[in-house]
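What follows is each chain in one-letter form.
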Protein chains: 2
Amino acid sequence: MKKIPVLLMGCGGVGRHLLQHIVSCRSLHADMGVHLRVVGVCDSKSLVASMDVLKEELNDELLSEVCHIKSTGSPLSNLGASGGCQVFNGSEAKRETEEIAKRLGKSTGLAVLDISASMETVEILVKAVDLGCCVVLANKKPLTSSLEHYDKLALHPRFIRHESTVGAGLPVIASLSRIISSGDPVHRIVGSLSGTLGYVMSELEDGKPLSQVVRAAKTLGYTEPDPRDDLSGMDVARKGLILARLLGKRIVMDSIKIESLYPEEMGPGVISVDDFLHNGIVKLDQSIEERVKRASSNGCVLRYVCVIEGSSVQVGIREVSKDSPLGRLKGSDNIVEIYSRCYKEQPLVIQGAGAGNDTTAAGVLADIIDMQDLFP
Amino acid sequence: MKKIPVLLMGCGGVGRHLLQHIVSCRSLHADMGVHLRVVGVCDSKSLVASMDVLKEELNDELLSEVCHIKSTGSPLSNLGASGGCQVFNGSEAKRETEEIAKRLGKSTGLAVLDISASMETVEILVKAVDLGCCVVLANKKPLTSSLEHYDKLALHPRFIRHESTVGAGLPVIASLSRIISSGDPVHRIVGSLSGTLGYVMSELEDGKPLSQVVRAAKTLGYTEPDPRDDLSGMDVARKGLILARLLGKRIVMDSIKIESLYPEEMGPGVISVDDFLHNGIVKLDQSIEERVKRASSNGCVLRYVCVIEGSSVQVGIREVSKDSPLGRLKGSDNIVEIYSRCYKEQPLVIQGAGAGNDTTAAGVLADIIDMQDLFP
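Just so we're clear, the structure is a prediction, and the values are computed from it rather than from any experiment.

In screw terms, the move from chain A to chain B is a rotation of 180 degrees and a rise of 0.0 Å along the axis, fitting with an RMSD of 0.0 Å. Taken together, these values place the two copies in the relation of a two-fold axis. Identified as the residue of chain A closest to the rotation axis by C-alpha distance is Ile350(A), at 2.4 Å. The overlap is high: 100% of the interface residues of chain A also sit at the interface in chain B, so the same surface is used on both sides.

Once that is clear, we can look at helix H4 (residues 91-105) of chain B. All names here are of chain B. Taking 1.5 Å of rise per residue, the 15 residues of H4 would be expected to cover 21 Å, and the 21 Å separating its terminal C-alpha atoms lies within 8% of that figure. For H4, the set of buried residues is Ala93, Glu96, Thr97, Ile100, Ala101, Leu104 and Gly105. End-on view of H4: buried residues confined to an arc of 160 degrees, all on one side of the axis. Seen from the buried face of H4, the exposed residues on the opposite side, beyond 90 degrees, are Ser91 and Arg95. Those residues of H4 hidden inside the fold are in contact with strand S1 (2-9), strand S2 (34-42), strand S3 (46-49), strand S4 (86-89) and helix H5 (122-130).

With that settled, consider the environment of Ser202(A). Residues and elements named next belong to chain A. With respect to the helices and strands, the residue serine 202 is situated in helix H8 (residues 195-204). Put simply, serine 202 and arginine 303 are 101 residues apart on the chain and 7.6 Å apart in space, counted from C-alpha to C-alpha. Look past the residues within four positions of serine 202 in its chain and what remains in contact with it is Arg303, Leu329, Lys330 and Gly331. One polar contact links the side chain of serine 202 to the main-chain carbonyl oxygen of tyrosine 199, over a distance of 3.2 Å.

Residue and element names in this part refer to chain A. By the secondary structure assignment, glutamate 203 is in helix H8. When its relative accessible area of 18% is taken as the criterion, glutamate 203 is described as buried. Polar side-chain contacts of glutamate 203 include one of 2.5 Å to the side chain of lysine 208. Residues within four places of glutamate 203 in sequence aside, it is in contact with Lys208 and Val213.

Residue and element names in this part refer to chain A. Partitioning chain A into structural domains gives domain 1 (2-169 + 358-374) and domain 2 (181-353). The centre of domain 1, based on its C-alpha atoms, is set 31 Å off from the matching centre of domain 2. The interface of domain 1 with domain 2 comprises 15 residues on the first partner and 15 residues on the second. Across the domain 1/domain 2 interface, buried area totals approximately 1,300 Å², and carbon plus sulfur atoms make up 63% of it. Counting every contact that joins domain 1 to domain 2 gives two salt bridges. Taking the shortest distance from any N to any O, the salt bridge between aspartate 151 and arginine 250 comes out at 2.8 Å. If you look at where domain 1 meets domain 2, you find five residue pairs in polar contact (both at pLDDT 80 or more). Element by element, the count of residues in the side of domain 1 that touches domain 2 is highest for helix H6 (residues 147-153), at three residues. Across the side of domain 1 that touches domain 2, the residue classes break down as five nonpolar, seven polar and three charged.

Residue and element names in this part refer to chain A. In contact at an axis separation of 10 Å, helix H1 (residues 13-24) and helix H3 (residues 60-71) are set at 155 degrees when each is read in the N-to-C sense. Judged by the angle between their axes, H1 and H3 are roughly antiparallel. As H1 runs across H3, the sense of the crossing is left-handed. Here H1 contributes Arg16, Leu19, Gln20 and Val23 to the contact with H3, which in turn contributes Asp60, Leu63, Val66, Cys67, Lys70 and Ser71. Its residues assigned to classes, the contact of H1 with H3 comprises five nonpolar, two polar and three charged.

The next point concerns the packing of helix H1 (residues 13-24) of chain B against helix H15 (residues 357-370) of chain B. Residues and elements named next belong to chain B. In the contact formed by H1 and H15, the axes pass within 8 Å of each other and the chain directions differ by 60 degrees. Between H1 and H15, the angle falls in the class oblique. In this structure, the crossing between H1 and H15 has a hand that is right-handed. For the pair H1 and H15, the contacting residues are Gly13, Val14, His17, Leu18, His21 and Ile22 in the first and Asn357, Asp358, Thr360, Ala361, Ala362, Val364 and Leu365 in the second. Of the residues assigned to the contact of H1 with H15, the class counts are seven nonpolar, five polar and one charged.

For the rest of this paragraph, the subject is the UniProt feature "domain: Homoserine dehydrogenase catalytic" (unreviewed entry) in chain A. In this numbering, the UniProt entry assigns the feature "domain: Homoserine dehydrogenase catalytic" (unreviewed entry) to residues 171-369 of chain A. Helix makes up 43% of residues 171-369 of chain A and strand 22%, with an end-to-end C-alpha separation of 14 Å.

Another aspect to go through is H5(B). Residues and elements named next belong to chain B. For H5, every residue scored as buried is listed here: Val122, Ile124, Leu125, Val126, Ala128 and Val129. Contacts from the buried residues of H5 go to S1, H4, strand S5 (111-114), strand S6 (134-137) and helix H6 (147-153). Directly after H5, the chain includes glycine 132, whose backbone phi takes a positive value near 90 degrees.

Spatial strand order, S9(A)-S11(A)-S10(A)-S8(A)-S12(A)-S13(A)-S13(B)-S12(B)-S8(B)-S10(B)-S11(B)-S9(B): 12 strands in an open sheet with mixed pairing. Of all the strands in the sheet, the pair left with one neighbour each is strand S9 (257-258) of chain A together with strand S9 (257-258) of chain B. Bridging between S9(A) and strand S11 (residues 312-321) of chain A involves two bridges; their strand directions are parallel. Each bridged residue has a counterpart across the sheet, and for Ile258(A) the counterpart in S11(A) is Val315(A). Lying over the sheet, H8(A) contacts strand S8 (186-192), strand S10 (300-309), S11 and strand S12 (333-340) of chain A, oriented at roughly 150 degrees with respect to S10(A).

Turning to the pairing of strand S2 (residues 34-42) of chain A, a few remarks are in order. Residues and elements named next belong to chain A. For S2, a buried count of nine out of nine residues is recorded, marking the element as mostly surrounded by other parts of the structure. Here three bridges tie S2 to strand S3 (residues 46-49), and the two strands are oriented antiparallel to one another. Paired with glycine 40 across the two strands is alanine 49, which belongs to S3.

Two side chains that carry opposite charge are able to pair once their charged atoms sit near each other. Residues and elements named next belong to chain A. Overall, the coordinates contain 41 salt bridges over all chains when judged by the stated rule. Arginine 26 is the salt-bridge partner of glutamate 57, the closest N and O atoms lying 4.0 Å from each other. Note that glutamate 57 is positioned in the loop between S3 and H3 and arginine 26 in helix H2 (residues 26-31), a separation of 31 residues in sequence. Here glutamate 57 falls in the partly exposed class, since its relative accessible area comes to 27%. When its relative accessible area of 19% is taken as the criterion, arginine 26 is described as buried. Residue aspartate 60 pairs with arginine 26 through a salt bridge whose shortest N-O separation is 2.8 Å.

We now examine the interface of chain A and chain B. At the interface, 44 residues of chain A touch 44 residues of chain B. A combined buried area of about 3,500 Å² lies between chain A and chain B, and 50% of that area is made up of carbon and sulfur atoms. When the buried surface of chain A facing chain B is broken down by residue, Arg158(A), Arg178(A) and Asp373(A) rank first, second and third, together holding 21% of it. Counting every contact that joins chain A to chain B gives six salt bridges. The closest approach of N and O atoms between Asp358(B) and Arg341(A), which form a salt bridge, is 2.9 Å. Broken down by secondary-structure element, the contributors of at least two residues to the side of chain A that touches chain B are H2, helix H7 (172-181), strand S13 (348-353) and helix H15 (357-370) of chain A. With nine residues, the single largest contributor to the side of chain A that touches chain B is H15(A). Looking at the side of chain A that touches chain B, its residues break down into 19 nonpolar, 13 polar and 12 charged.

Criteria and thresholds
- Residues numbered from 1 in each chain as written.
- Chains lettered and ligands numbered in written order.
- Predicted model: local features only at pLDDT ≥ 70, side-chain atom pairs only at ≥ 80, totals over all residues.
- Heavy atoms only, no water.
- Least-squares fit on C-alpha atoms with pLDDT ≥ 70 in both.
- Contact = heavy atoms within 4.5 Å.
- Helix = DSSP H or I, 4+ residues; strand = E, 2+ residues; numbered from the N terminus.
- Expected span 1.5 Å × (residues − 1).
- Buried < 20%, exposed > 50% of the residue type's maximum accessible area, 1.4 Å probe, protein only.
- Arc of directions from axis to C-beta.
- Polar contact = N/O pair within 3.5 Å; in protein donor to acceptor, adjacent residues only side chain to side chain.
- Domains from an automatic or database assignment.
- Buried area = accessible area lost by both parts, 1.4 Å probe.
- Salt bridge = Lys/Arg side-chain N within 4 Å of Asp/Glu carboxyl O.
- Nonpolar A, V, L, I, M, F, W, Y, C, P; charged D, E, K, R; others polar.
- Axes fitted to C-alpha atoms, helices over the stretch in contact; angles between N-to-C directions.
- Parallel < 35°, antiparallel > 145°, perpendicular 65-115°, else oblique.
- Left-handed = near helix turned anticlockwise from the far one by under 90°.
- UniProt positions renumbered as here; feature names shortened; annotations may be inferred.
- Pairing = 2+ DSSP bridges.

Pasting the structure below:
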């Protein structure tokens, strides 16, 4: 049985689903000759680790307790009373995380998972890579930081996976990596990479005003608490940057042309969410409606897409043919079209649910299993 | 630099493209820290091997010569006059192939590639697996033979890859493997897995008679020399069986319900290709036309699909909604819809060119690179 030690950073919705998947896959993975040995779990403030990370793991009962505690909104430090684990807080948690990476990285190997949404994890990740650990990310931020950080993280490309940073569990990165390694040059990628904006754009087709569609999306739970986090296009730009960097392009966030769906004067620093939803966004209805009509008269619909071509990444609204896979997209599905030498006239298309804790966690788990040959 | 010794069986169109890709990817793969060391190439009668497979490889000049000789329709044995290689013929070729697997399997590792269309390779492949080699197939036949053979080939699942057996280089197997390893149960797979039948079915929509469409497809080079090899559905059934076995289903070819597009009395054993194309197939036009019309009145189109569900694999014509990804498929693209817990209402869809020497070879190459961590 191959043992893969795992350290999980981040136990929000995705992290909890991941722990549940790990536990429920025990017998499946045993059949595959693999055992995931969770030696530590962090939230933003604490680390819960097994008593001896070299020999012991957090057992399934403890993992369930972690899930339970976090699902009630309590901090991990509440686990202090349980037996069979150590709890570290604050700077001690940080130091001990690094210590675990040091002790396991070179000896048994360690998969460090970043399932957080934090800007702060990049340093520990870089250290983990340096210490011989594997790294799996669902967190986009470390990969969209400076090129210096990126190069350090991707120093050993086999030791880093991040399927769930783009399109959740959709096999976008895995497929693109295959295309790259087979020497098939990628000319162009076009994607609708935000479930929220995919939903908004397809609802606009029916003539509904933007303000109404966004409010409905918020009610349905499709948007971030502040919908401007989606409407700004920043999240899509991050995904585009990740794909572009995978293609070897030396691009930084600042060089990406991003079309925000709201003007600066309606930004989060200027007006409140409520003000935006009740007074701001209605002012945008008319111009969007005109664009929808113009597109329609061209046999097109509007889509909020990311286009990667040459050395540029562009993010914004595009008219696309009603009859293209992108134009036919409905609801919150993601879609990616990849054009290469092998997929020249007709692209390789990957489509499906591109959000959700379950599928995001599944993508992370598949990444870990995919790296199994790196462990002794 | 990680060295991956490679032995290629089959040098038809795909094999030649693969050798060319290997050579043209030299610097890309060097950047990835990988070098593909081709130690032997076989056609059905001969083996060309380096003088000492442990230390030497067939150099790029020799590989180009192999491609050249095979592209002129000559046998590999013509290479006898070239320096820097040994040529073995007949039973000697077979014995020496096994000898190479023996010498490299356990020591440096060996990737044995079956790019042939032969029924005969399964024995040497089973031996190769047994000797510790990795196996990469574009050949469907060894994987659709008896369950006994299948179990032996798939004994170490990490040591076998076969992306190009289904949908050429389309990342169908890679994606499905990820879904399986993440514990996401697959309920149903529906695919249009034949470029030829995809083309035929979509052309029928416009009201053209079957006979005319098939003759046109043959002229365009879309069909096998005997189009009945496509129309029988056998090739689609093999692909369906491969996917079903990947899902763990214990199925054999004989248990698959296959709808052939021609009746037995028009089979290859009964009438000639010419007779079939000029006198036979026209007799099928009317009934197909009626089915197309009936489907259309239901808002549907006909597709030749493979459906995997529960313990059954079914292959044949189905009515599918015009508005579904399958129904909108045009030309010779392949499409696969995967339904699972994560992709429940809307499937995961993978679509693109599912045939062609270039993309098939690219899929094989990606498989080899994907296995690199198994080599010392």
